[in-house]
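# A look at the structure
Chain residues, written in single-letter form:
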Amino acid sequence: MVDTLSQKYRLRFQNNMQFLVVAFDGIIKKTDHILFNWKEGSSIFEAHPFFEIIHDLLENSNQNNQEYTFSCVHFEEPSETKICDVTICFDPTEIIIVIFEYTSKYKELTKIAQQKNDILFKNKELELKHEFLLKKEEFKNSLIANINHQIKTPLTGILGFTEILEKTSLNFDQEELINIIKRESKQLDAIVTDMLNVSKIEAGLLEIKKENFDFVKLIRDLEKKYRYLAEEKNIELDVYLDENITSELIGDRVRVQQILINLLNNAFRYTKQGKVSLKVTQNYQRAGNLSVNFSVSDSGQGITAENLKSVFDRFTRFHEDKQVTGTGLGLTIVKNLVELMGGDIKVSSKIDEGSTFSLNLPFVFKILKKKKDEGKGKKYTLPDLGRKFRVLLVEDKEVNQFLIMKLLISKGMFFVDAAMNGKEAIKYIEKRKYDVVLMDLMMFPMNGYETTRLIRESYDDKTISNTPIIGFTAQNADGEKEKCLKSGMNDFINKPFSQEDLLNKIYKQISQNNS
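Because the structure is predicted, anything quoted here is derived from the model rather than measured.

We now examine the sheet that holds strand β14 (residues 414–419). Strands sit in the order β14-β13-β15-β16-β17 across an open sheet of five strands; the sheet is parallel. A strand with exactly one partner marks an edge of an open sheet, and here the two such strands are β14 and β17 (491–494). Recorded for the sheet is a direction-independent mean angle of 20 degrees between the axes of neighbouring strands. One ladder, built from four bridges, connects strand β16 (residues 469–473) with β17; its direction is parallel. The partner of I470 across the bridge, within β17, is D491.

Right under this line is the structure:
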């Protein structure tokens, strides 16, 4: 058996194997010394502690010619450690030990396993970092959205009561104070809106829409708005619109307007004298596509070459004049919006001469089928039914309740009931017929969406289920109007709103419902 084993393994492993014949008392009878210099006549138990296992194998072995194999046994030598597989065979008269040396192979496998573990650890680390960043971004967006809601809700009351005060008899000083309150409130509203916009852009939640709109009207409306501001600041305003640009374009009207407003606001903010200009020209028109260049220039303080590199960074301001208001977010929003719309923007500036922001935006001029006329911009009046109209106001903020009730009652055509939440609203609507419901969205324990769905789906009485509902909220999120309409509401308005806009929406729903 000894010779058979020797031939069998020697052919396969050559110099990577040592063969030993050991007596049952552990004395080495024969060895070839290829791997280890263990002398014949010495004890195998003294060669290495591993071989103590032979005692246990002898006690538990009941049959001859049994074979046991042990993998990855470390044998420490003065100069190195050898990693081996050991096979122990029990012959009727002796013990045969075959040692296979796999040091290099085991080291390679260990290295591969370590590399694999490192990759797994790195992947897990990246996964955890990504998850942390997502949660951090989600928390930030949620926090900003909540701040937006918490600030805009009282702003609705401040601006609303300011409008009411404006209509009373005021002396000159009081009118100035009212103007200051309005200006600062609108500035605060703009700051919060900018923060929310940046948050949504960074989170990839801002959607660029493709809709049919009147491009020429957009530019002329902006001209009219800033013409008044130019006169107020005694600054010249120059607006040029290329007559080759078709009036009807397809794009995101709201975002184009937002970009131009931010750039014009920035130009007027830093221009104390001289001129602000808006130039709109056509780059090219082909295959249903149109590229338009917008150039906004001013004769203001200008920006140094060093600061131009970071002009689109967040919270960047280069002038220390505290009378110049702003968050440092406007240009960041402009750049992000331009890129989201597939355009590009650049800036040039000279100190004491002014700055020019030039951007290119793509549009489509193939006219889409117009949507059903929703009467946008139309002024509505109440129908003459010979009676007053009943309004249910569902709002959990007492200040806003008081504001809207005062506004409606002052018109002399409304009775108003107020509910603090959806559950109270249901009780009111079951007892009395209403011409319109004003529904706040963020309420507890039943919010505006849940209340609207309940009204639409749970009543066979059409005087209840078909009651016009106008939603309003300070959330100011993209898609909020669509969400309201999907829940069953008839219209939507953002807080803070102007009294004129709110009244027009109420008049619209009542007149349409009674036509």
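Turning to helix α12 (residues 448–457), its buried residues number three or more, namely G448, Y449, T451, T452 and I455. Each buried residue of α12 sits inside an arc of 165 degrees when the element is viewed along its axis, so together they form one side. Among the structural elements, α11 (422–431), β15 (436–440), α13 (462–465), β16 and α14 (480–487) are those in contact with the buried residues of α12. A side-chain oxygen of the first residue of α12 lies 3.1 Å from the backbone nitrogen of Y449; this N-cap is N447.

Our focus in this paragraph is the sheet that holds strand β3 (residues 67–76). Across the sheet, which stays open at both edges, the five strands sit in the order β2-β1-β5-β4-β3 with antiparallel pairing between neighbours. Looking along the sheet, the strands with just one partner apiece sit at the ends: β2 (28–31) and β3. Neighbour-to-neighbour, the strand axes of the sheet open up by a mean angle of 25 degrees, direction not taken into account. Across seven bridges, the pairing between strand β4 (residues 81–90) and strand β5 (residues 95–101) is antiparallel. Pairing of V86 across the sheet is with I99, part of β5. On the sheet, helix α3 (residues 53–60) packs against β3, β4 and β5 and is oriented at approximately 20 degrees with respect to β4.

Here the structure, examined in full by the defined rule, presents 20 aromatic pairs. Between the aromatic rings of F389 and F414, the centroid separation amounts to 6.5 Å while the plane-to-plane angle is 50 degrees, which identifies the pairing as tilted. Of the two residues, F389 is situated in strand β13 (residues 389–394) and F414 in strand β14; the sequence distance between them amounts to 25 residues. This pair shows no difference in class: F389 is buried, exactly as F414 is. Aromatic ring contacts, followed pair by pair, group F36, W38, F50, F51, F70 and F75 into a single cluster. Taking NZ or CZ as reference, R286 lies 4.0 Å from the ring centre of Y284, over its face. One cation-aromatic arrangement involves K483 over Y449; the distance from NZ or CZ to the ring centre is 4.6 Å.

Now for the pairing of β4. Counting buried positions over the ten residues of β4 gives nine, a clear majority of the element. When β3 meets β4, the two strands line up antiparallel, connected through eight bridges. Residue F70 lies in a different strand from β4, and its bridge partner there is V86. What sits between the antiparallel neighbours β4 and β5 is a turn of four residues.

A few words now on the environment of K431. Here K431 is to be found in helix α11. Residues K431 and I464, 33 residues apart in the sequence, show an inter-C-alpha distance of 9.8 Å.

Looking now at the environment of K379. You can see K379 is positioned in the loop between β12 (354–364) and β13. Relative accessible area serves as the criterion here: at 56%, K379 is assigned to the exposed category. Put simply, K379 and Y507 are 128 residues apart on the chain and 8.7 Å apart in space, counted from C-alpha to C-alpha. What K379 contacts, discounting residues up to four positions off in sequence, is E500 and N504. Engagement of the side chain of K379 in a polar contact is seen with the side chain of E500, the distance being 2.7 Å.

With respect to the helices, strands and loops of the structure, N466 is situated in the loop between α13 and β16. Residues N466 and G488, 22 residues apart in the sequence, show an inter-C-alpha distance of 9.6 Å. For N466, the contacting residues outside a window of four places in its chain are R456 and N513.

Per the stated rule, a full pass over the model turns up zero disulfides. Looking at C84, it has no disulfide partner, and the nearest cysteine sulfur is the one in C72, 9.4 Å off.

Formed by 46 residues in total, the largest nonpolar core has its most connected members in F215, I259, V280, F294, L361 and F363. If you tally residues by element for this core, the top one is helix α7 (residues 253–269), at seven residues. Residue contacts for F215: discarding those within four places in its chain leaves L241, I245, T246, S247, L249, V280, V292, F294 and F363. If you look at the next biggest cluster of nonpolar residues, it comprises 21 residues, including I28, L35, F50 and C84.

The subject of this paragraph is the side chain of D242. Summarising the element assignment, D242 is placed in the loop between β7 (236–241) and β8 (248–251). For the buried D242, no salt bridge is present, and the opposite-charge side chain at shortest range is K279, 8.9 Å distant. For D242, the side chain forms a polar contact with the main-chain nitrogen of Q282, separated by 3.2 Å. Excluding residues that lie within four positions of it along the chain, D242 makes contacts with V280, T281 and Q282.

Conventions and cut-offs
- Residue positions within a chain follow its written sequence, with the count starting from 1.
- Note on the predicted model: pLDDT of at least 70 is required for a residue's local features to be given, and 80 or more for side-chain atom pairs to be given and counted; whole-chain, interface and lining totals, by contrast, use all residues.
- The side-chain figures draw on all heavy atoms in the structure; neither hydrogens nor water molecules are used.
- Should DSSP find at least two bridges between two strands, the strands are regarded as paired.
- Helix and strand definitions here come from DSSP, where helices need a minimum of 4 consecutive H or I residues and strands a minimum of 2 consecutive E residues; each element is numbered from the N-terminal end.
- Note on definitions: angles span 0 to 180 degrees between N-to-C directions of axes, and those axes are lines fitted to C-alpha atoms, for helices only across the stretch in contact.
- Categorising residues by exposure relies on relative accessible area from a 1.4 Å probe, with only protein chains included: less than 20% of the type maximum marks a residue as buried, more than 50% marks it as exposed, and the intermediate range marks it as partly exposed.
- The directions from the helix axis to the C-beta atoms form the arc being described.
- Here a residue-residue contact requires only that any non-hydrogen atoms of the pair lie within 4.5 Å.
- N or O atoms closer than or at 3.5 Å make up a polar contact, with two conditions inside protein: a donor-capable atom paired with an acceptor-capable one, and, for residues adjacent in sequence, both atoms drawn from side chains.
- Note on aromatic pairs: the rings of Phe, Tyr and Trp (six-membered ring only in Trp) are paired at centre separations within 6.5 Å, and the planes decide the class, stacked below 30 degrees, edge-to-face beyond 60, tilted for the rest.
- A ring is considered to have a charge above it if a Lys NZ or an Arg CZ atom is located within 6 Å of its centre and within 35 degrees of its normal.
- Cysteine sulfur atoms are paired as a disulfide whenever they come within 2.5 Å of each other.
- What makes a nonpolar core is a set of buried Ala, Val, Leu, Ile, Met, Phe, Trp, Tyr and Cys residues whose side-chain atoms join them at distances within 4.5 Å.
- Charged-residue counts in this description rest on Lys and Arg as positive and Asp and Glu as negative, His and the chain ends being excluded.
- The term salt bridge refers to a pairing of a side-chain nitrogen on Lys or Arg with a carboxyl oxygen on Asp or Glu at a separation within 4 Å.

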